Amino acid sequence: MVKILYVDPKNCISCKACEIACEREHDNVNHIDVYIVEDAEVSVPYTCRHCENAPCVTVCPTKALYRTDSGVFVNYLRCIGCRQCIVACPFGIPKFLDMFKVVVKCDLCRHRLAKNLPPACASTCPSGAIVFTEEVEVTKAKRGVEVSKIIGAVKTAKTLT
Amino acid sequence: MSESLTPVVCPYCGVGCGLFIKSLNGKYVGIEYNYNHPVNKGSLCPKPNDLSFLNSPHRLKKPLKKTESGFVEIGWREAIKEVAGRFKEIVNGYGSNSVAFLASAKCFNEENYLLQKLARLLGTNNVDHCARLCHAPTLVGMGRATGVGALTATFNDIANSEVIVIWGANPAETYPIVMGRYIMKAKNNGAKLIVVGPTKNKTAWHSDIFIQVRPGTDIAVANAIMNVIINEGLYDKEFIERRVDGFDKLVQTVSKYTPELAASISGASAFAIKQAAYLMASSRKGTIVWSMGITQHIVGQRNVLALATIAALLGWYGKPGTCVGGLRGQNNVQGSCDMGALAEFLPGYVKVVDDVGRKRIAELWGVTELPRNVGLTLPCIFREAESGRVKAAYVMGENPVISEANSTHVINGLDRMEFLVVQDIFMTETAEHADIILPAAAWAEKEGSFTNSERRVQWSFKAVEPPGEARPDLYIIIDLAKELGLEKYFNYSGPDEVLLEINKVIPAYAGITPTRLKNTPGGIIWPCPSTDHEGTRILHVEKFRTPSGKFNIIPVEHQPPAEMPDDEYPLILTTHRVVGVFHTNTMTGRSNALVKRWPEAEAIINPATAHTYGVSDNEVVKLVTRRGEYLVKIRLHQGIQEGVISVPWHWGANKLTNDALDPDASTPETKVCACKIVKLR
């Protein structure tokens, strides 16, 4: 099964470790940002969703952006810097890198995956707000928590009747 | 040579995370996560994600001597000769107690052990370190109540708790791995989180109940919680009967602390106090942990006693899923305390005034007697220096000019001394005042053991080469001791031999030998009395380590802070820390990815307070207290009480703070003083 980068802001403790880890692995450019919203008391780690039917891939005229089974990637050699992907992406993810005149975005730490290591952001995240796992594992864990709550409720109900 | 990975322990806070340093030809090139490490399973907070300070061009590379024309480079031989010569001269001229040593919670156990041994063999107990500024009240308070100053159980027990109380701490910023891996895990398994403190900080964002108190009113709230627990009969009666002394005294003391009285003292809501008391009492598996918000008060030790007593009422001791104590702020502050780098304790918490214990250590060291009077604590060292009684100091890896309360007096003290030696990896604010600066190797450039907040002793291996002529602290101390004529007591070839001596001197470390430690990834938790002992995760299982074997309740009364707001200084000033900066910013301030995100201090105030004083978001103002002035940018924050201003201390705000001391632990009241805002335009 394909592993996905699953981000759950509920668990985020606002530390920005992911930003710094990403920056270290990607030549001083971070592809994940943490938005800390103090009034809402919530922080949101924000990065590429690696859409199945990715608008950035659809609009890219040179096939610099492409999708594989694992995610959406950029071939920098093909990128002509037209910025159509920036227009198309509903999440505002691709960044234009002025120094190299190409677009960059999260590559799921391909160089790490090749060595069987998870992406840096998921590796460093202290609180499980960013995990790299199979989708079924996420749903299984959530269901587990809810089922145990229901068991608790049923037990209580039984003692009351 | 090629790229290699070396296992090290993180150099920052007291969690003790493991990671690998990636090096190429002996130079730092990056890090890799240690997914199998028992503490952090790979996870790291922002700080160790950028350790590029190791390669900073500003690292100290040669010994320096202060001259008329500034610092000049000198050779090691000359530097050691000069230091030893001046120390001998001063000891001979003014007596042993005219010199002082500052050990370091950033250095290995072996190095701290040697530095305190050096001080004591020179005839003085004037050896102390920054534990004095943080968890000395925990050490003393928990020591009196339970017999051991350290955390009662492990982080895993926090994860298995059903109720977690975080009081005067912000682990989301200061202890991210404990917050993320343990507290959030417990929460996701259904545990309830109660946070008490003056600011609704990033930890409190995740709380079920947040009790907002004015700085310095914690005892009133703690006593009110106990008042409710007792009056409603919610305490663990069996535990109280079997394992606790002094319950009746407590009942008497807390009876007057109704939630309503506590509310009027603290500004907290009486309803929240009652709610919290009920929630805490809903489980016999709970955690209470605290940090500087509890300890840095004139009543720090009494705050600790109050919190330890709440846990005793609820039976939160000696079993899995319970954990009580201070979250320690530096990677080896627990170890430096264990090693006796404290004015009143020899290694293993043997009191210097304890004749039997002191004799035993003297014999092990091969001397007839050791100094028997309690030495000067850290704040007192600088006071005595200012008044001219301390003539020389040896500072290893500490930066008191930034970390001490009322730091102007620290600077005066340093400048008044006849001779000051600073041994560090960078030219710190303290080093600027030195006569001799000795360039030290950073933690990754040497090897030795660290003890984390859980009492977990771990070996950190050498990953990279030190820059220039920088040397490991251990060998500098050995060379100095030899030059001082103490060679027969400092006959060590390296850290292994020092740890073997520690095994003999400190019973709790007896089984933690160098060979065993190097072969035990994740380390061993003390007490570990023998080499076949696996270590002790949970303390006080059968009985407490007090003389009676029972928990010793010492009831405490509320006492206002030493300095309260008045007409001239109408605001309460408190301090806090931020996640991407560590303490005095010596290391994090030279790591680009961190500096970029956390470039400067931002003082937080409530928008209503800002309105009252006519200041706006991002405005730079002058904060003034009776001790000093400090320019800082203002940031508005809904989560802080009106009338309170909180400033991060990493960048020098301790010019402002109060150095009134806790009489029991000698810790300054850094967390509360009176302050005013002066507009610049």
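Up top is the structure these notes are about.
Parameters at a glance
- Residues numbered from 1 in each chain as written.
- Chains lettered and ligands numbered in written order.
- Predicted model: local features only at pLDDT ≥ 70, side-chain atom pairs only at ≥ 80, totals over all residues.
- Heavy atoms only, no water.
- Helix = DSSP H or I, 4+ residues; strand = E, 2+ residues; numbered from the N terminus.
- Rg over C-alpha atoms; globule rule 2.2 N^0.38 Å.
- Buried < 20%, exposed > 50% of the residue type's maximum accessible area, 1.4 Å probe, protein only.
- Contact = heavy atoms within 4.5 Å.
- Areas by Shrake-Rupley, 256 points an atom, 1.4 Å probe, with all protein chains shown as cover.
- Lys, Arg positive; Asp, Glu negative; His and termini not counted.
- Charge placed at Lys NZ, Arg CZ, Asp CG, Glu CD.
- Pairing = 2+ DSSP bridges.
- Buried area = accessible area lost by both parts, 1.4 Å probe.
- Salt bridge = Lys/Arg side-chain N within 4 Å of Asp/Glu carboxyl O.
- Polar contact = N/O pair within 3.5 Å; in protein donor to acceptor, adjacent residues only side chain to side chain.
- Nonpolar A, V, L, I, M, F, W, Y, C, P; charged D, E, K, R; others polar.
- 1 Å grid on protein atoms, 1.4 Å probe; cavity = no way out; pocket = protein on both sides within 12 Å on 5 of 7 lines; lining within 4 Å.
- Points joined across faces, edges and corners; volume = space filled by probe spheres on them.
- Domains from an automatic or database assignment.
- Axes fitted to C-alpha atoms, helices over the stretch in contact; angles between N-to-C directions.

### Regarding the overall build of chain B
On a plain count of helices and strands, chain B comes out with 23 helices and 28 strands. At 24 Å, chain B has a C-alpha radius of gyration in line with the 26 Å of a compact globule built from 681 residues. A buried classification covers 67% of the 681 residues belonging to chain B. Sequence separation of at least 24 residues holds for 74% of the intrachain contacts in chain B that already meet a minimum separation of 6. Just so you have it, chain B exposes about 22,200 Å², and 50% of that area is on carbon and sulfur atoms. With 73 positive and 69 negative side-chain charges, chain B shows a separation of 3 Å between the mean positions of the two kinds.

### A word on the pairing of strand β18 (residues 436-439) of chain B
All names here are of chain B. Residue alternation in β18 divides its side chains into two sets, Ile436 and Leu438 and Ile437 and Pro439, and both sets are buried. Pairing geometry for strand β4 (residues 64-67) and β18, over two bridges, is antiparallel. Bridge pairing in β18 links leucine 64 to isoleucine 437. Bridge count for strand β17 (residues 419-424) against β18 is four bridges, and the pairing is parallel. By the bridge assignment, valine 422 is partnered in β18 with isoleucine 437.

### Let's talk about the interface of chain A and chain B
Taken together, the contact between chain A and chain B spans 32 residues of the former and 32 residues of the latter. Contact between chain A and chain B buries roughly 2,500 Å² in total, counting both sides, with carbon and sulfur atoms accounting for 51%. Summed over the three residues of chain A that lose the most area to chain B, namely Ile13, Ile20 and Glu41 of chain A, the buried surface amounts to 25% of that side. Inspection of the region where chain A meets chain B yields seven salt bridges. As a salt-bridge pair, arginine 635 of chain B and glutamate 38 of chain A come within 2.8 Å of each other at their nearest N and O atoms. For the interface between chain A and chain B, the tally reads 16 residue pairs in polar contact (both at pLDDT 80 or more). Secondary-structure elements contributing two or more residues to the side of chain A that touches chain B are α1 (17-25), β2 (33-37), β3 (42-46) and α5 (120-124) of chain A. Ranked by residues supplied to the side of chain A that touches chain B, first place goes to α1 of chain A with six residues. Residues of the side of chain A that touches chain B, tallied by class, amount to 15 nonpolar, eight polar and nine charged.

### Let's talk about unusual backbone geometry
All names here are of chain B. Here the bond from tryptophan 526 into proline 527 is cis, since omega is 5°, no more than 30 degrees from zero. Positive phi outside glycine occurs at lysine 41, with the angle close to 45°. Tracing the backbone through its elements, the reader meets lysine 41 in the loop between β3 (27-33) and β4. Positioned with a positive phi, histidine 540 is a non-glycine residue whose angle comes to about 60°.

### Some words on the side chain of aspartate 50 of chain B
Inspection of the secondary structure puts aspartate 50 of chain B in the loop between β3 and β4. No salt bridge is formed by the buried aspartate 50 of chain B; the nearest opposite charge belongs to arginine 597 of chain B, separated by 7.3 Å. Dropping the residues within four chain positions of it, aspartate 50 of chain B is found in contact with Ile20 of chain A together with Tyr28, Ser591, Asn592, Ala593 and Leu594 of chain B.

### Some points on empty space enclosed by the protein
Residue and element names in this part refer to chain B. Using the criterion set out here, one finds eight cavities of 30 Å³ or more in the structure. Estimated volume of the largest cavity: approximately 610 Å³. Lining the largest cavity are 37 residues, with Lys106, Gln330, Gly397, Phe582 and His583 sitting closest to its centre. Here the residues of the lining of the largest cavity are counted per class, giving 14 nonpolar, 17 polar and six charged. Of the domains in this structure, domain 2 (64-128 + 351-525) and domain 4 (571-679) are the two that each give at least three residues to the lining of the largest cavity.

### Side note on helix α20 (residues 495-505) of chain B
For an α-helix, the turn length of 3.6 residues means that residues three or four places apart are oriented alike. Considered for burial, the residues of α20 of chain B that qualify are Pro495, Val498, Leu499, Glu501, Ile502, Asn503 and Val505 of chain B. Buried residues along α20 of chain B sit in contact with α2 (109-121), α15 (355-365), β20 (456-460), α19 (473-483) and α21 (514-518) of chain B.

### Structural notes on the layout of surface pockets
Here the largest pocket is characterised by a volume of approximately 1,500 Å³. Looking at the lining of the largest pocket, the elements with two or more residues in it are β1 (3-7), α5, β8 (130-134) and α6 (135-160) of chain A together with α4 (155-159) and α6 (176-188) of chain B. A per-element tally of the lining of the largest pocket places α6 of chain A first, with eight residues. Of the residues in the lining of the largest pocket, the class split is 20 nonpolar, 14 polar and 13 charged. Of the voids in this model, the second largest pocket is the one considered here, and its volume is about 980 Å³. In terms of lining, the second largest pocket is formed by 49 residues, of which the most central are Asn170, Glu173, His576, Arg577 and Val578 of chain B. Mapped onto the lining of the second largest pocket, the elements with two or more residues apiece are β2 of chain A together with α5 (171-174), β9 (192-197), α12 (292-295), β23 (571-576), β24 (602-605) and β27 (644-648) of chain B. The residue makeup of the lining of the second largest pocket, split by class, is 20 nonpolar, 16 polar and 13 charged.

### Side note on the sheet that holds β20 of chain B
Residues and elements named next belong to chain B. Across the sheet, three strands lie side by side as β19-β20-β21; this open sheet has antiparallel pairing. The sheet terminates laterally at β19 (448-451) and β21 (524-525), the two strands that pair on one side only. Examined bridge by bridge, β19 and β20 share four bridges and lie antiparallel to one another. Paired with serine 449 across the strands is tryptophan 459, a residue of β20. Sheet strands touched by α2: β19 and β20. Its angle to β19, the strand with the most contacts, is close to 90°.

### Some remarks on the pattern of salt bridges
Scanning the model with the defined rule gives 50 salt bridges over all chains in all. Lysine 101 of chain A is the salt-bridge partner of aspartate 98 of chain A, the closest N and O atoms lying 3.3 Å from each other. Assessed through its relative accessible area of 48%, lysine 101 of chain A is described here as partly exposed. One connected set of salt bridges, linked through shared partners, spans Glu38 of chain A together with Glu173, Lys202, Glu600, Glu602, Lys633 and Arg635 of chain B.

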